[in-house]
Structures are given as C-alpha cells and as structure tokens.
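Listed below, chain by chain, are the residues.
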Amino acid sequence: MLQAENILFTIALIGYFIMTIMNFAFVIMKKEKLAGTAMILQTGILVLHTAVLVLRGLSARRWPMTNQYEFAVSFAWALCLVSLIFIRKYRFPVLGAFASPLILLIIGYASMQSREVRELMPSLRSSWLAFHVSTAIIGYGAFGVAFVLALIFLFRSRIKEDGFWGQHIPQPEKLDMISYRSVSLGMLFLTLTILTGAIWAEQAWGSYWSWDPKETWSLVTWIIYAVYLHLRLRRGWKGKAAAWFAVIGFVCVIFTYIGVNTFLPGIHSYA
Amino acid sequence: MPFAIALLVLLAAACAFSSTVTQGQSYEYYNAQYGERTAGLILALRLDDAFHSWWFIGLSAALCLNLLCCNLIRLPLLLKRSRAFANPESFISSGSGVTEACGSEPEKLLKALGMPDAKEMKTADGRRILFSVRNRPGLWGAWVCHLGILLLILGFALGQMTGKQFTVYGLPGQTKPLGDTGLLVTVNDFQAEVREDGSAEQFTAYLIAEDPAADTRESASVSVNAPASMYGYKFFQNSYGWGADIRITKDGQPLQTEAVCAGDFLAVKDKPELVIYFQAFYPDYVLIEGSGPSSQSMLPKNPAYLYRVYYQNQLLGMNALQGNEELTIDEYTVVFENPRYYTLLAVKRDHFTWLVLIGGIITLAGLVLAFYLCPTAVCAVEEKNGIWRVRAKSSKGGVLFRETFEKAAEESGFSMKGENEFASG
Ligand code: HEM
C-alpha cells in the first residue's frame, strides 16, 4: 500500500508541476484554452491526491495528518480543493495561475519530509485531534487562497484596466468580496481548530489553554484575520490595507505551521 | 472601531513578541541567554510571565470593555435595523444600498432569486406589494460573535482567578499530598502498554484519593485522553518518568529502602546531611563519545542511574551506576534497583470551563451567522402602468449579490434600473 501511495504521490507531484507550467503559459501566451486544460488537470490531480491521503490513512490505520509529511500533503490538498472551488465558482482562471506555484511549493516541501509511518504517542490518539487537524487544513487552505487573492488584488492596482489582466481579473470590489469569502471560510475553520484543539488539550494535558507557542501563534493568526474583517467594514480602508492583512495573516499561518516547531519550544513540537 | 482595531493589533503584537521569550525562567537564565541589561528589562516588564502581566491583562481588559460597550451601543441600533429590514415601508422610502429592476413578472424574479415565499401587501394608495425577506438573523452575526468572545474571556479569567491546579507525581505505592487541599493521593499502580517497537501505546494510573479529615476515600483510573474526577478535582494522566528503589545499608545492615523518582532527593535516615540526588535514569544506557550518556530505547535492557551525593550541601561526587553496581560512602552502601515508571498527574478544579466552551460555541455560531447568512430583502411594487418595480437590498452580499440579482433579472425578463449605490457590509 505504501508503494502505491508513493507512486501516486510522485504522479501528483509531476501533475502539479505540469499544471503550474500550463498556468504560466496561460498568462504569458494569453491563451485561455490553456487555463481550461489546467483546471481539468487540477481536478484530476485532486482525485489522485485524495487517493494518496486515503492510502496513507489505510496503511497507518489512522487519520493521515499527524506528522510534517502528512500535514504538508493535506495542506496542499486543501489548497488544491479550495482554490478549485473558487476558480469554478467565480470563473476566475487567473486564481489558478497564482495558486499553483504555492501548491507546488507545499507539495515540494512534503516530498522532502520523511514518509515513514510512525505509531502515535498516546496523547495524539484522540478523535478530537482528528477534528483538530482536519479543520486546520481546511482553514489553512482557505487562508492560502485568500493570500493568493490578496496578491492578485495588490497586483491589480499596478496594471492597466484594458489589457489581458484587466479582462481576466475581476474589478477590485468583486475581488475584495471573493477574498472576504475565503477569509471567512478560513476564519470559521480556524476558530473550529482552536476550539477542538482546546478541548483535546483539556483532555490530554488537563489544560485547555497554556500559552504554548503554537497556541499563541494560532491566536495571533486569528486576531490578524479579525483585523482584516474589521478593516473591510471601514469604507476608506477597504481594499489595500485589508489585502495586506490577508498577506500578513498567511505569513502567520505558515509561521504557526513551520516556524513555531523550528524556532520556538512547546508541547506541539512533535506535530 | 479604530480603537478596537488598534487594540487587536497591539494584542497580536504582544502575543507574538512574548512567544519569543521563554516563559517562567529565572533571572540567571535570562542573564545567560541575553545578557544583564536585557534580563533586567525582561523581569521589569514581566516578560518572563507575559500572559499574566499587568500590561497584558490591561490590554485584554481594554479590549473586553471596548467589546462590551460596542455591543451595548449596537443593541438598540441592531434591533431597529432588524425591524427596518423586514419593513417594506422603510424599503420604499430609502434609496441607498438598493438594487432595482423593472419588469412584468415579479414572481418569476423572486423565484430566480430563491425567495419565492413573498408576502402580499398593499401600499397606502392601493398598489400591490410583494415582499420577501431572507436570512435576517445574519444581521446579528457580529454581535453574537462579540458576545461569545466576551463570555469566553470572562470564563477564562474567572477560571484563572478561582481555579486550582496542581501536579502530583508518584511511583506505584507512593502517597503524596494534593497541594494545600488536605487530600492525599496514592498511586496504587501505574501501567504502560508498550508496543513491539518499544514506543508507548497507553498509560494508565490507578489512583486512590483520600480525605483523612473526613475519613473518606475515592478511587479512579486515569489514562491519557481519559481523565477522571475525585473530590471535585479532575485528574489527568499528563506525563511519566522513571523512578527506582534506593536501598541503603549501613555496615552491612539494612537501613532504608525508598521509592524515588528521577529528579528527587533522598536524605539518609540516620544522617540527614548526607543526601543522594537521583539525577536521571537511562533504561538502555549507552555512552556516546562527545555527547554524553543517552538511552537507546525505552525498554530497561541496560539500566543506568545517574546520581550525585551531597554532604552538608557540598557536592561529594557524581557518577552513573549500571545495573546492580553499588555505591559506597564510608559505612553506607547504596544500590538503585527495581526501575519503573512514575506517573505525573495534572490535577485541577475549574468551575468555569463550561463558560469558556459556551463562549467558544457562541463565537462560532456568530461567525456562521455573520458569514453565511446574508440578510436579503426584496420588495416588488406594482406601478400604475402595470409594470413592477423590484428593489432588493442585501446587507453583506455586495457586488456578488448585485451580480446574482442582475442575472436573475435578465432570466426573468426584467431590465436593470439606474446606477444605485450598493451596500456591502
Ligand atoms: C477579538 C476580537 C474580535 C473578533 C474576532 C471580531 C469579529 C467580528 C466579526 C466576525 C465581524 C463581522 C464581520 C463581517 O460580517 O464581515 C465583526 C464586526 C464588527 N466588529 Fe468585531 N470582532 C472583535 C472585536 C471587536 C471589538 C473590540 C469591537 C469594538 C468596537 C468590534 C466592533 C465591530 C463592529 C462595529 C462590527 C460591525 C458589525 C456590523 O456591521 O454588523 N469588534 N467583528
């Protein structure tokens, strides 16, 4: 089963690479057809990617999201899923062009991690933990899309209205709404992540909140996105400032995910 | 609200900055890490316990006060807005934030918008009105969310102020006091289920709590992720460590045998100035050159005990004893034996955890209301010439709602009217 998982993973990795090239070709050659093909490819890879996770879960006999490799694979999966939903829902192929390098980066990071299936330490064997990490990956995926949208928003202000970009990137007002949609999805799931994490920590360690660096950084991320939500409500601020907060928010997400384990000590360090 | 935003940014910055300073250490630690001046600054600003410092609590309190005031001020406004939202009169009179189209079959447009259940009414001058409202509770999303946050912080603060928390550790057979509660906790047994590869699957402690004053006792078993309650305290299997029996003989005669956890001290019975410190235990001992002693696995295949001996607080010596090796200090002989796990329990009483949970759930509900219930109202008024003027208002749908409306209007044979301003939030 592990071998099958490895083969599928490699195919998915190559698939993401081709998808990224195709998306680049779409924006460089300005051929819409390429974007359509990239989207179909993305749907296909998503199926493969899902199979990788299912196989992993079956061979480990648990939820496949508990070490750096598994979490990175899941994160890329969520990003692929959420971006695909947004591309289709808002007919927005340029989003794919901006999102695919990010997915490729995360899946590339996953490919560098150890794929060994390890048994879990007792405190990690909890259904709350399964909820905790699955909500986290959806939240992270949504914030990833919000980050890409914020970049597009900031990029848009530098381009001419009438050219290729002007045609393919929605008006700022609409872009802001779409970004808001992805931040709200992320915020909802981040709140769920923090809540389920607190319930789990209470059961496992007897303390639902202990200001562990990972907890603290998830709170920082949560507050940054709350600032984004409030900034949006203020007329004069709408747009650029909020977009910058979506960027800072995602930097916090990545720091919470990788940086905290690397730079700061805490009980989450095994994750 | 600008003040609220500033407070939120400050709070995030405070949390982020504090997480870079290791919490709960002594001056010596910070001095060694950062130097004298920074260490002094860390202690003066209470950065060593940042999340309980006056400035952090002050900042959180200011945020709560702001939230409370904001919610109190907004309550009557929201009630008014909520009522107005469902009132066609106010709809007709207000022009801003409204999208408008004209056509002949309003039912069709309402259906296309997914709002077919319209109420039929009449204007003062007798014209027909079709009015439909959807997702009105969505107006309350932010308010409910703020209420949830307030309850959550309140529950957390009350828990911190009134709750009690202890750590107790013990080897099977040991009895320890539970902080200042007067209760005693005995570890009857402590079992580790170990997998084939030597890693742990589960730990279970069998405990007895006793109230000597009332002469009562309660018992429970506690596993990782499965806490239990005794005497109103919740017991959690938090961690574990190694311990062993230290057997001391004097001139060949048994003197004392005591169970000691690694990290603990044992004073010799008839010479309390002589103290043995059980520094660390290595179940599967190896000495790696350059990096010192370590353990190859969790199984006690080659046990070694790292100790120090003090006499009148002066270090006499330190070393590692392997297996049944003996340590001789004058007439005393010391042996470490029977290594086994001790359990480390977190014990706590917090009467407000439920409030935190309720606060969390309300916050979540508020977010769902705010994000996913988009309050929308549509009002179709029949003009004199038989043409229907359909006006729609969406509190948060913004440009996306306008697009939906335009599409629905087009499908239903309506033409859009004028350049209106659109609401977005
Ligand atoms: C811990 C922090 C906070 C969080 C997570 C939070 C969350 C939210 C959310 C989710 C919304 C709704 C946004 C939307 O519908 O797009 C909102 C709106 C709002 N918040 Fe906060 N908030 C917080 C603190 C505050 C504070 C301290 C104030 C104090 C003034 C405040 C004032 C407002 C106002 C006035 C609105 C607009 C409500 C409306 O338009 O109906 N918030 N907040």
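Since the model is a prediction, treat every value here as computed from it, not as a measurement. (Residues numbered from 1 in each chain as written. Chains lettered and ligands numbered in written order. Predicted model: local features only at pLDDT ≥ 70, side-chain atom pairs only at ≥ 80, totals over all residues. Heavy atoms only, no water.)

Peer 1: I tried to follow the coordination of the iron atom of the ligand on my own but got confused; where do I start?
Peer 2: Each donor-metal-donor angle in an ideal tetrahedron of four donors is 109.5 degrees, and each such angle in an ideal octahedron of six donors is either 90 or 180 degrees. Bound to the iron atom of the ligand are the protein donor atoms His230(A) (NE2) and His146(B) (NE2), situated 1.9 to 2.0 Å from the metal. The site at the iron atom of the ligand holds six donor atoms, and with the angles between them running 84 to 179°, its shape is octahedral. Highlighted residues: His230(A) in helix H8 (residues 213-233) and His146(B) in helix H7 (residues 141-162), drawn from two different chains. Comparing His230(A) with His146(B), the two get one shared label, buried. (Donors = N, O, S within 2.8 Å, 3.2 Å for Na, K, Ca; no water. Tetrahedral: all angles 85-135°; square planar, octahedral: opposite > 155°, others 65-115°. Helix = DSSP H or I, 4+ residues; strand = E, 2+ residues; numbered from the N terminus. Buried < 20%, exposed > 50% of the residue type's maximum accessible area, 1.4 Å probe, protein only.)

Peer 1: What exactly am I supposed to notice about the site of the ligand here?
Peer 2: Lining the immediate environment of the ligand, one finds 21 residues, of which Tyr180(A), His230(A), Asn66(B), Arg74(B) and His146(B) sit closest. The ligand sits at a junction of chains, with neighbouring residues supplied by chains A and B. The contact in question runs from a nitrogen atom of the ligand to an N or O atom on the side chain of His230(A), over 2.7 Å. In the model, a nitrogen atom of the ligand is placed 2.7 Å from a nitrogen or oxygen of the His146(B) side chain. Listed by contribution, the elements that provide at least two residues to the shell around the ligand are H8 of chain A together with helix H1 (2-18), helix H4 (54-85), H7 and helix H8 (353-372) of chain B. Here the shell around the ligand is built from residues that sort into 16 nonpolar, four polar and one charged. (Near = heavy atom within 4 Å. Polar contact = N/O pair within 3.5 Å; in protein donor to acceptor, adjacent residues only side chain to side chain. Nonpolar A, V, L, I, M, F, W, Y, C, P; charged D, E, K, R; others polar.)

Peer 1: I'm lost on the packing of helix H7 (residues 172-205) of chain A against H8(A) in this one. Help?
Peer 2: In a pair of packed helices, the angle between the axes and the distance between the axes together describe the arrangement. Residue and element names in this part refer to chain A. It is at 10 Å that the axes of H7 and H8 come closest, and there the two elements cross at 150°. Classified by the angle between their axes, H7 and H8 sit roughly antiparallel to one another. Read as a crossing pair, H7 and H8 show a hand that is left-handed. Residues Asp176, Met177, Ser179, Tyr180, Val183, Met187, Leu190, Thr191, Ile194 and Ala201 of H7 pack against Glu215, Ser218, Thr221, Trp222, Tyr225, Ala226, Tyr228, Leu229 and Arg232 of H8. (Axes fitted to C-alpha atoms, helices over the stretch in contact; angles between N-to-C directions. Parallel < 35°, antiparallel > 145°, perpendicular 65-115°, else oblique. Left-handed = near helix turned anticlockwise from the far one by under 90°. Contact = heavy atoms within 4.5 Å.)

Peer 1: How do you make sense of helix H5 (residues 127-156) of chain A when you look at a structure like this?
Peer 2: Structurally, the α-helix is built with 3.6 residues per turn, so residues lying three or four positions apart point the same way. The terminal C-alpha atoms of H5(A) lie 44 Å apart, and with 30 residues this matches the ideal 44 Å at 1.5 Å per residue to within 8%. Burial analysis of H5(A) places 24 of its 30 residues in the buried class, which makes it a mostly covered element. (Expected span 1.5 Å × (residues − 1).)

Peer 1: What is the right way to read the confidence of the model for chain A from this model?
Peer 2: Low-pLDDT stretches of the model should not have their predicted coordinates read in fine detail. Residues of chain A with pLDDT of at least 70 account for 92%, and the chain-wide mean is 85. Contacts of residues 267-271 of chain A to residues separated by more than four positions or lying in other chains number 18 contacts, the stretch itself having pLDDT below 50. (pLDDT = per-residue confidence, 0-100.)

Peer 1: Would you mind showing me how to read the packing of aromatic side chains here?
Peer 2: One pair of aromatic rings is described through two measures. These are the centre distance and the angle between the planes. Scanning the entire structure with this criterion turns up 41 aromatic pairs over all chains. Ring geometry for Tyr109(A) and Tyr257(A): centres 6.2 Å apart, planes at 80°, overall edge-to-face. Placement of Tyr109(A) in helix H4 (residues 93-111) and of Tyr257(A) in helix H9 (residues 240-263) is noted, with a sequence separation of 148 residues between them. Residue classification places Tyr257(A) among the buried residues on the basis of a relative accessible area of 4%. Their ring planes at 85° and their centres at 5.7 Å tell us that Trp140(B) and Trp143(B) sit as a pair that is edge-to-face. The burial state of Trp140(B) is the same as that of Trp143(B); both residues are buried. Taken together, the ring pairs in this structure connect Phe190(B), Phe203(B), Tyr240(B), Trp242(B), Phe278(B), Phe281(B), Tyr305(B), Phe336(B) and Tyr341(B) into an aromatic cluster. (Phe/Tyr/Trp six-rings, centres within 6.5 Å; stacked < 30°, edge-to-face > 60°.)

Peer 1: Hey, could you run me through the environment of Ala204(A) in this one?
Peer 2: Within the element layout of this structure, Ala204(A) appears in helix H7. In the structure, Ala204(A) is positioned 79 residues away from Arg125(A) in sequence and 9.5 Å away in space, judged by C-alpha atoms.

Peer 1: Help me out: how do you make sense of the domain arrangement of chain A in this one?
Peer 2: By a frequent convention, interface size equals the accessible area lost on bringing the separate parts together. All names here are of chain A. The domain architecture assigned to chain A consists of domain 1 (1-65 + 92-115) and domain 2 (124-271). Computed from C-alpha atoms alone, the centre-to-centre distance between domain 1 and domain 2 is 21 Å. Summing both partners gives a buried area of about 1,500 Å² for domain 1 against domain 2, and 87% of it is carried by carbon and sulfur. It is Met65, Phe92 and Phe98 that lose the most area in domain 1 upon contact with domain 2, and together they represent 37% of the buried surface on that side. (Domains from an automatic or database assignment. Buried area = accessible area lost by both parts, 1.4 Å probe.)

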